[in-house]
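# Analysis of the macromolecular model
What follows is the residue order along each chain.
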Amino acid sequence: MWMVDKNGVREAIDAIKVKLTDSNDAAQGLADLHSIIRTKEEHLWRASVQCSYARVVELSSLLEMELNMLSGAADAAENGNSARATTLLDDFLDFIDENYSDEIPPAMS
């Protein structure tokens, strides 16, 4: 299974959701979202130029699904539908939780 810093992802997406629902910060939230999309597109491009081993194909598929959710959220935000955008961002977080291991395991008490 692929690994990410789930807490870091959640914090970044939660910050974007707050900005998208605040008319004063919506443009910055959308800019932050587009920045994540560009990064994911670059990751997808890098994965696509690698050999077509099963793990690379698996990663490409995950990245394409992430991009679809993030792009849908950006489209919704651009059309003034912050409620739809935040719902899609919540779906994105659920997808991350389901499909990735946590790169930084929770601290053991």
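The structure presented is a predicted model; accordingly, all values stated were derived computationally and were not measured.

What follows deals with the side chain of Lys6. One can find Lys6 in helix 1 (residues 6–20). Nearest to the buried, unbridged Lys6 among oppositely charged side chains is Asp97, at 4.2 Å. Sequence-distant contacts of Lys6, that is, excluding residues within four places in its chain, are made with Ile96, Asp97, Tyr100, Ser101 and Asp102.

Moving on, we come to the side chain of Glu66. Topologically, Glu66 is positioned in helix 3 (residues 54–78). Under the relative-accessibility criterion, Glu66 is labelled buried at 0%. A polar contact is formed between the side chain of Glu66 and the side chain of Tyr100, at a distance of 2.2 Å. The residues contacting Glu66, other than those within four sequence positions of it, are Lys40, Phe92, Phe95, Ile96 and Tyr100.

With that settled, consider the environment of Leu20. Note on placement: Leu20 falls in helix 1. Judged by relative accessible area, which is 7%, Leu20 ranks as buried. Along the sequence, Leu20 and Leu33 sit 13 residues apart, while their C-alpha atoms lie 9.6 Å from each other. Among residues more than four places away in sequence, those in contact with Leu20 are Ala26, Gly29, Leu30, Ala77, Ser82, Ala85 and Leu89.

Since one α-helical turn is 3.6 residues long, residues separated by three or four positions face the same way. In this model, helix 1 (15 residues) spans 21 Å end to end at C-alpha, consistent with the 21 Å of a helix rising 1.5 Å per residue. By the burial criterion, the buried members of helix 1 are Lys6, Ile13, Ile16, Lys17 and Leu20. Buried positions in helix 1, seen along its axis, are confined to an arc of 100° and lie on one side of it. Across helix 1 from its buried face, at more than 90 degrees, point the exposed residues Glu11 and Val18.

A few words on the nonpolar core. Residues Ile13, Leu20, Leu33, Leu70, Leu89 and Phe92 are the most contacted members of the largest nonpolar core, which totals 27 residues. Secondary-structure elements contributing two or more residues to this core are helix 1, helix 2 (26–49), helix 3 and helix 4 (82–99). Sort the elements by how many residues they give to this core and helix 3 lands first, with ten residues.

Basis of the calculations
- Residues numbered from 1 in each chain as written.
- Predicted model: local features only at pLDDT ≥ 70, side-chain atom pairs only at ≥ 80, totals over all residues.
- Heavy atoms only, no water.
- Helix = DSSP H or I, 4+ residues; strand = E, 2+ residues; numbered from the N terminus.
- Buried < 20%, exposed > 50% of the residue type's maximum accessible area, 1.4 Å probe, protein only.
- Lys, Arg positive; Asp, Glu negative; His and termini not counted.
- Salt bridge = Lys/Arg side-chain N within 4 Å of Asp/Glu carboxyl O.
- Contact = heavy atoms within 4.5 Å.
- Polar contact = N/O pair within 3.5 Å; in protein donor to acceptor, adjacent residues only side chain to side chain.
- Expected span 1.5 Å × (residues − 1).
- Arc of directions from axis to C-beta.
- Core = buried A, V, L, I, M, F, W, Y, C linked by side-chain atoms within 4.5 Å.

Geometry only, nothing functional implied.
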